[in-house]
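The chain contents come next:
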Amino acid sequence: MDGVHDPKSPALGLLQEPGEALSKLPPDTAGNQVAWVRALEEGTIEPRATLFRQAPMEVRDTDVLLNLKGSTPVVRFPHKPHTRWLACSNCHDQLFKKEPGSNVYSMERILQGEQCGVCHGAVAFPLTECNRCHSVPRRSPALAAPGAGR
Ligand code: HEC
Ligand code: HEC
Ligand code: HEC
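Attention here is on the structure that accompanies the text. Remember, it's a predicted structure, so these values are computed and weren't measured experimentally. Along each chain, the written sequence defines residue order, and numbers are assigned to residues from 1. All chains are assigned letters beginning with A, and all ligands numbers beginning with 1, in the order in which they are written. pLDDT decides what is reported in this predicted model: residues at 70 or higher carry local features, side-chain atom pairs at 80 or more are listed and counted, and totals for whole chains, interfaces and linings draw on all residues regardless. Water and hydrogen atoms play no part in the side-chain values, which are based on all heavy atoms of the structure.

### A closer look at the overall build of the chain
Put simply, the test is: Strands are runs of DSSP state E lasting at least two residues, helices are runs of H or I lasting at least four, and both sets are numbered from the N terminus onward. The globule rule is 2.2 Å times the number of residues to the power 0.38, and the radius of gyration it is compared with is taken over C-alpha atoms. Only protein chains enter the calculation, and the probe is 1.4 Å; a residue is then buried if its accessible area is under 20% of its type maximum, exposed if over 50%, and partly exposed in between.
Per the secondary structure count, the chain includes five helices and three strands. Counted from the first residue to the last, the chain has its helices and strands arranged as α-α-β-β-α-α-α-β. Taking 15 Å as the expected radius of gyration for a compact globule of 150 residues, we find that the chain reaches 19 Å, considerably beyond that expectation. The principal-axis extents of the C-alpha atoms in the chain amount to approximately 60 × 35 × 30 Å. Within the chain, buried positions represent 17% of all 150 residues.

### A few points about the site of ligand 3
Note the cut-off: Residue proximity to a molecule or strand is established when one non-hydrogen atom of the residue lies within 4 Å of it. Between N or O atoms, a polar contact is any pair within 3.5 Å; within protein, one atom must be a potential hydrogen donor and the other a potential acceptor, and residues adjacent in sequence are included only when both atoms are from side chains.
With respect to spatial proximity, 22 residues lie near ligand 3, and among them H82, C116, C119, H120 and F125 are the closest. A distance of 2.7 Å is found between a nitrogen atom of ligand 3 and a side-chain nitrogen or oxygen belonging to H82. Measuring from an oxygen atom of ligand 3, one finds a backbone N or O atom of F125 at 2.8 Å. Every element with two or more residues in the shell around ligand 3 is listed here: α2 (36-42), β2 (74-78), α3 (79-83) and α5 (130-133). By residue number, the principal contributor to the shell around ligand 3 is β2, which donates four residues.

### Regarding the coordination of the iron atom of ligand 3
Defined as follows: Distances define the donors: N, O and S atoms within 2.8 Å of the metal qualify, as do those within 3.2 Å of Na, K or Ca. Water is excluded, so some sites may look unfinished. Angle rules define the geometry names used: all angles between 85 and 135 degrees makes four donors tetrahedral, while opposite donors over 155 degrees apart and all other angles between 65 and 115 make four donors square planar and six octahedral, leaving every other case irregular.
Taken together, H82 (NE2) and H120 (NE2) make up the full set of protein donors to the iron atom of ligand 3, lying 2.0 Å away. Coordination at the iron atom of ligand 3 is octahedral, judged from the six donor atoms that bind it and the angles of 86 to 179° they form at the metal. Of this pair, H82 sits in helix α3 while H120 sits in the loop between α4 (107-111) and α5; the two residues are 38 residues apart in sequence, bridging distant segments of the chain.

### Digging into the site of ligand 2
Around ligand 2, the surrounding shell holds 20 residues, and the nearest of these are H79, C88, C91, H92 and Y105. Here an oxygen atom of ligand 2 sits 2.7 Å away from a polar atom, N or O, in the side chain of R60. Between ligand 2 and N103 there is a distance of 2.7 Å, counted from an oxygen atom to a side-chain nitrogen or oxygen. Elements with a minimum of two residues in the shell around ligand 2: β1 (63-66) and α3.

### Quick look at the sheet that holds strand β3 (residues 134-136)
Worth spelling out the cut-off: DSSP calls a pair of strands paired once it identifies at least 2 bridges connecting them. Axes here mean lines fitted to C-alpha atoms, for a helix over just the part in contact, with angles spanning 0 to 180 degrees between N-to-C directions.
Strands sit in the order β1-β2-β3 across an open sheet of three strands; the sheet is antiparallel. Each end of this open sheet is capped by a strand with a single partner; those strands are β1 and β3. On average, adjacent strands in this sheet sit at an angle of 55° to one another, irrespective of strand direction. Sheet analysis places β2 next to β3, joined by two bridges and oriented antiparallel. Bridging across to β3, V75 finds its partner in H134.

In structure tokens form, the structure reads like this:
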């Protein structure tokens, strides 16, 4: 009756309402109200690396600090929660080059759906959650470590 689903499909009875499915996952206060990274960490969801073949995800466990010269808290980009379900090629090298200093970030472009905004605000937590990205206080000892970021 919604004009989207085929009422004659035998699979129709297997489909869940999104709210019913999402309510099984750890709750969040933003976006679609699911704490997706917690769901990953707790093993509630176990994304596959490929559709048809058993293969492990290539997980990278490094953080990159961005926006070291700005006025807002420093942005910490963590590879791990991204690469537990996104292949490197989603970001490298078209969206972001790997070499430090080779990308020119801009909050304006992010808000227009580029850079981090390709996903954040679309399929990942919304851009109104400033402090989830701007998460490292300017005075944090982490910023004093040699080569800590740029
Ligand atoms: C998805 C991650 C993300 C979110 C969410 C986000 N930002 Fe940013 N923001 C960035 C990145 C990355 C930069 C680095 C750009 C640069 O180096 O200038 C940045 C840069 C900025 C800058 C310019 C540099 C500075 O510190 O003065 C401002 C201002 C800013 N963000 C404000 C905000 C505000 C306000 C929000 C919430 C409404 C927000 N941001 C949400 C990632 C994010
Ligand atoms: C969601 C996007 C995203 C994904 C997926 C991603 N990266 Fe990155 N990567 C970045 C960003 C952003 C930077 C920071 C670049 C900069 O300094 O401006 C970065 C930096 C790097 C760097 C240099 C800094 C470091 O951590 O050593 C390497 C190497 C790298 N990525 C490798 C990988 C590999 C290998 C994968 C897959 C296992 C991967 N990345 C997946 C976004 C991503
Ligand atoms: C290719 C898609 C994609 C891009 C590009 C991307 N992200 Fe994400 N990001 C995700 C997804 C998916 C999640 C997990 C779902 C969520 O938390 O909403 C996530 C989660 C995060 C988290 C939360 C990690 C945690 O432990 O809860 C941070 C912080 C973050 N991203 C920062 C960034 C920043 C900064 C950039 C840009 C430099 C960026 N992301 C670019 C898809 C992306």
